[in-house]
Amino acid sequence: MKQLKRTGHVQIPFGTLELVLLTDGYFSLETFQPTLAPKISSQLVEMELQRLSLSTKDYQAPIIVMLIKQQDRYILIDTGEGHYDTENAGNLKESLHLADIDRYKITDILITHAHRDHIGGILDADGSPNYPNATYYMAKPEFEFWMSDRPDFSKSENPEIGQSSIDLIRKTILAIKVKLQLFEPGDQLFSCIHTESAAGHTPGHIIYTIKSDNSAITNLVDLIHSPILVSQPHWGTQWDIDFNRAVDTRIKILDRCYREQTLVVASHMPWPGIGFIGRKNKCKELEWIPKNIID
């Protein structure tokens, strides 16, 4: 399979703001299942992958990070894998450099949720901060879940995935705690970011909408990891800490995005991850519609 981009960026004019999509690289799985569509027959999954012109051999997904420039503010949304996967990912700092953005100018980092491919780039391998001048923001339910005595993974289709992440996540949160501000899902940040709970993937997983003048774009973050989770949103993933709630959240938000014709971006959709949610087959089936953009 052709390797995905390891570095790169796309700048998007956006009212009075400047948006930049950056790639941290990508992650890959040797097989699509059981991590995705864990309860669906392999024959049905293969048929759907073929119908969508997706690989039936393995699974690769980009790690897309958004930066918002608001006057003197440089707001980074998540930080990628960092040093935890230097073979395929961990290239956000290089992508920032190629976009002519000094990482020391990053003023704020919004953490959408605490999975490794979203917080791994906060610290360098020696424990020093990659963005030393940044203040961090995390939804209160996300913080409370990971810092609780016994995070509950009983509603996951693979509890071991979550259990194995606890130490890394707690270490990272503790390292930034003095610069960490908690917010409630639904709060507005920096006057331009409207946060929204998308619980299920993690308890405090948020999506967010950016508004400037008459422009708006919603980042679905990890609501979807592949076009197959748009066409088959109930198939879900083992990464979802509460599988059934994640399915319900995915169906509700995707349907709304279709009805409202919302321009969306997502962290792991085909680069650069921008598109719309459509319907076909007499509106019975959702579909991912990529937006044409100059790369």
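Predicted model only: the values in this text are computed from it and were never measured. (Residues numbered from 1 in each chain as written. Predicted model: local features only at pLDDT ≥ 70, side-chain atom pairs only at ≥ 80, totals over all residues. Heavy atoms only, no water.)

1. Details of the pattern of salt bridges
Counting across every chain of the model gives eleven salt bridges. Between Asp124 and Lys93 there is a salt bridge, with its nearest N and O atoms 3.9 Å apart. You can see Asp124 sitting in the loop between α3 (116–119) and β6 (135–139) and its partner Lys93 sitting in helix α2 (residues 92–98), a full 31 residues away along the chain. The partner of Arg279 in a salt bridge is Asp255, and the shortest N-O contact between them spans 2.9 Å. With Arg279 in strand β13 (residues 274–280) and Asp255 in helix α8 (residues 243–259), this residue pair connects regions lying 24 residues apart in the sequence. Classification of Arg279 as partly exposed rests on a relative accessible area of 24%. When its relative accessible area of 23% is taken as the criterion, Asp255 is described as partly exposed. Connected through salt bridges with shared partners, the residues Glu48, Arg51 and Glu285 form a single ionic network. (Salt bridge = Lys/Arg side-chain N within 4 Å of Asp/Glu carboxyl O. Helix = DSSP H or I, 4+ residues; strand = E, 2+ residues; numbered from the N terminus. Buried < 20%, exposed > 50% of the residue type's maximum accessible area, 1.4 Å probe, protein only.)

2. Remarks on unusual backbone geometry
For the bond from Gln33 to Pro34, the omega torsion is 10°, close enough to zero to count as cis. Its place among the elements puts Pro34 in the loop between β2 (17–29) and α1 (42–51). Between Trp271 and Pro272 the backbone carries a cis peptide bond, its omega angle lying at 0°. Within the fold, Pro272 resides in the loop between β12 (264–265) and β13. Phi at Ser53 takes a positive value of approximately 60°, unusual for a residue other than glycine. Secondary-structure assignment places Ser53 in the loop between α1 and β3 (59–70).

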